Amino acid sequence: MITQIEELIKLQNVDKEIIKTKKQLKEFPKLIKEIEDKIARSIQIVENAKKRLVENQTSRKKLELDVEEYKNKIREKKLALNSIKTNKEYSAMIAEIEFMEKKKEEAEEKVIQSLIETDEIQEEIKKAEEERAKVKTVYEKEKEEILKQQKEVESHLKELEEERAKIVDFIDEEYLKLYTELGKTRGGIPLSKVVNGFCSECYMKIRPQVLVELKKGKDVITCENCGRILYLEVEVKE
Ligand SMILES: [Zn+2]
């Protein structure tokens with residue numbers, strides 16, 4: 001019986017480790033996603049700046065066409081001045097030409113502004129691309145490290161599962177069944193150590209008679225309060 005309890009204790013220890021390891025494994029995809037998100041964000045910054053450069057160039061082309069159009073209109077109106085008969089018409093045409101000149105200058109001003117913006121955006125793209133390269137290098141390395149750790153934890157889990165299978169081989173079917181059932185309803189802790197005469201899981205005082213039975217080690221004894229399989233500290237042998 002003592003051997004059975006020993007094996008059950010070993011099984012619970014391995015199971016605890018398996019739960020911990022599985023929890024650890026769940027973290028890896030999250031860590032990798034975080035890294036991939038950071039890389040994606042740095043790429044997005046470059047893409048956004050490039051998009052703005054295209055918009056800047058498109059709007060400048062339109063402004064340049066506007067300048068040309070005003071120039072043509074001014075030329076036409078200056079030619080038309082020759083055929084004007086009255087002073088009133090002449091003054092009106094001059095006013096129109098002046099208005100067009102003003103419009104043309106405004107458009108030219110905007111073209112210059114747009115060229116300044118082009119330089120700024122190109123500088124931004126350059127910096128964003130440098131940052132992207134830096135981020136990629138740093139995080140790719142980090143990702144590699146995480147994948148390596150993940151593999152280690154995975155192989156550790158495999159070892160634990162092999163160890164568990166070996167332990168299970170030593171345990172009688174009825175105890176294994178009890179262990180499994182208790183594990184489901186007792187938060188994965190089917191066994192409880194008796195410490196100073198108390199169940200260490202539910203803190204219930206163990207009756208002296210039960211302690212005597214436990215010391216005899218002839219049967220599997222469960223806690224009268226929480227139902228866990230009890231064992232005495234002295235039985236723990238590694
Ligand atoms: Zn208990």
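This structure is a prediction, so every number in the text was calculated from the model and none was measured.

1. Topic: the overall build of the protein chain
Item 1. Looking only at helices and strands, the protein chain has four helices and three strands in total.
Item 2. Along the protein chain, from the amino end to the carboxyl end, the secondary structure elements read α-α-α-β-β-α-β.
Item 3. The C-alpha atoms of the protein chain give a radius of gyration of 41 Å, which is well past the 18 Å a tight globule of 238 residues would have.
Item 4. Across its three principal directions, the C-alpha atoms of the protein chain cover 130 × 35 × 30 Å.

2. With respect to the domain arrangement of the protein chain
Item 1. What the domain assignment reports for the protein chain is domain 1 (18-168) and domain 2 (175-235).
Item 2. The C-alpha centroid of domain 2 is placed 66 Å from the C-alpha centroid of domain 1.

3. Details of a negative patch on the surface
Item 1. Together, Glu117, Asp119, Glu120, Glu123 and Glu130 make up a negatively charged patch on the protein surface.
Item 2. You can see Glu120 is positioned in helix H2 (residues 87-170).
Item 3. Residue class for Glu120 comes out partly exposed when judged on its relative accessible area of 48%.

4. Quick look at the coordination of the zinc ion
Item 1. Donor atoms from the polypeptide that bind the zinc ion are Cys199 (SG), Cys202 (SG), Cys223 (SG) and Cys226 (SG), placed at 2.3 to 2.4 Å.
Item 2. Because the angles between the four donor atoms bound to the zinc ion fall within 102 to 117°, the donor set is best described as tetrahedral.
Item 3. Spacing between the donor residues of the zinc ion along the chain follows C-x2-C-x20-C-x2-C. Residue Cys199 is found in strand S2 (residues 198-199), and its partner Cys226 is found in the loop between helix H4 (208-216) and strand S3 (229-232); the two are separated by 27 residues along the sequence.
Item 4. The buried category is assigned to Cys226, whose relative accessible area is 9%.

5. Regarding the nonpolar core
Item 1. Residues Ile5, Leu8, Ile171, Leu191 and Ile229 are the most contacted members of the largest nonpolar core, which totals 26 residues.
Item 2. Contributing elements (two or more residues each) for this core: helix H1 (2-81), H2, helix H3 (173-185) and S3.
Item 3. The dominant element in this core, judged by the number of residues it contributes, is H1, at eleven residues.
Item 4. Two domains share this core, each providing at least three of its residues, namely domain 1 (18-168) and domain 2 (175-235).
Item 5. The contact partners of Leu8, leaving out residues within four places of it in the chain, are Ile171, Tyr175, Tyr179, Leu191 and Ile229.
Item 6. The next biggest cluster of nonpolar side chains, apart from the first, holds eleven residues, and it includes Val210, Ile221, Cys226 and Leu230.

6. Observations regarding unusual backbone geometry
Item 1. Phi at Asn196 takes a positive value of approximately 50°, unusual for a residue other than glycine.
Item 2. Relative to the helices and strands, Asn196 resides in the loop between strand S1 (191-195) and S2.
Item 3. The phi angle at Tyr203 is positive, at roughly 65°, despite the residue not being glycine.
Item 4. Along the chain, Tyr203 turns up in the loop between S2 and H4.
Item 5. Taking the relative accessible area as the measure of exposure, Tyr203 reaches 62% and is therefore exposed.

7. Quick look at the pairing of S3
Regular strands place their side chains on alternate faces of the sheet.
Item 1. Along S3, one buried face is formed by Ile229 and Tyr231 and the opposite face, lined by Leu230 and Leu232, is buried too.
Item 2. Taken together, the four bridges between S1 and S3 define a ladder with parallel strand orientation. Across the sheet, Leu191 pairs through a bridge with Ile229, a residue of S3.

8. What about H4?
Item 1. Of all the positions in H4, only Val210, Leu211 and Leu214 are classed as buried. Projection of H4 onto a plane perpendicular to its axis shows the buried side chains occupying an angular sector of 100°, all on one side. Along H4, exposed side chains directed more than 90 degrees from the buried face belong to Pro208 and Lys215.
Item 2. Against S1 and S3 lie the buried residues of H4.

Calculation criteria
Residues numbered from 1 in each chain as written. Predicted model: local features only at pLDDT ≥ 70, side-chain atom pairs only at ≥ 80, totals over all residues. Heavy atoms only, no water. Helix = DSSP H or I, 4+ residues; strand = E, 2+ residues; numbered from the N terminus. Rg over C-alpha atoms; globule rule 2.2 N^0.38 Å. Domains from an automatic or database assignment. Patch = residues over 30% accessible without salt bridge, like charges linked within 9 Å, V, L, I, M, F, W, Y side chains within 5 Å. Areas by Shrake-Rupley, 256 points an atom, 1.4 Å probe, with all protein chains shown as cover. Salt bridge = Lys/Arg side-chain N within 4 Å of Asp/Glu carboxyl O. Lys, Arg positive; Asp, Glu negative; His and termini not counted. Charge placed at Lys NZ, Arg CZ, Asp CG, Glu CD. Buried < 20%, exposed > 50% of the residue type's maximum accessible area, 1.4 Å probe, protein only. Donors = N, O, S within 2.8 Å, 3.2 Å for Na, K, Ca; no water. Tetrahedral: all angles 85-135°; square planar, octahedral: opposite > 155°, others 65-115°. Core = buried A, V, L, I, M, F, W, Y, C linked by side-chain atoms within 4.5 Å. Contact = heavy atoms within 4.5 Å. Pairing = 2+ DSSP bridges. Arc of directions from axis to C-beta.

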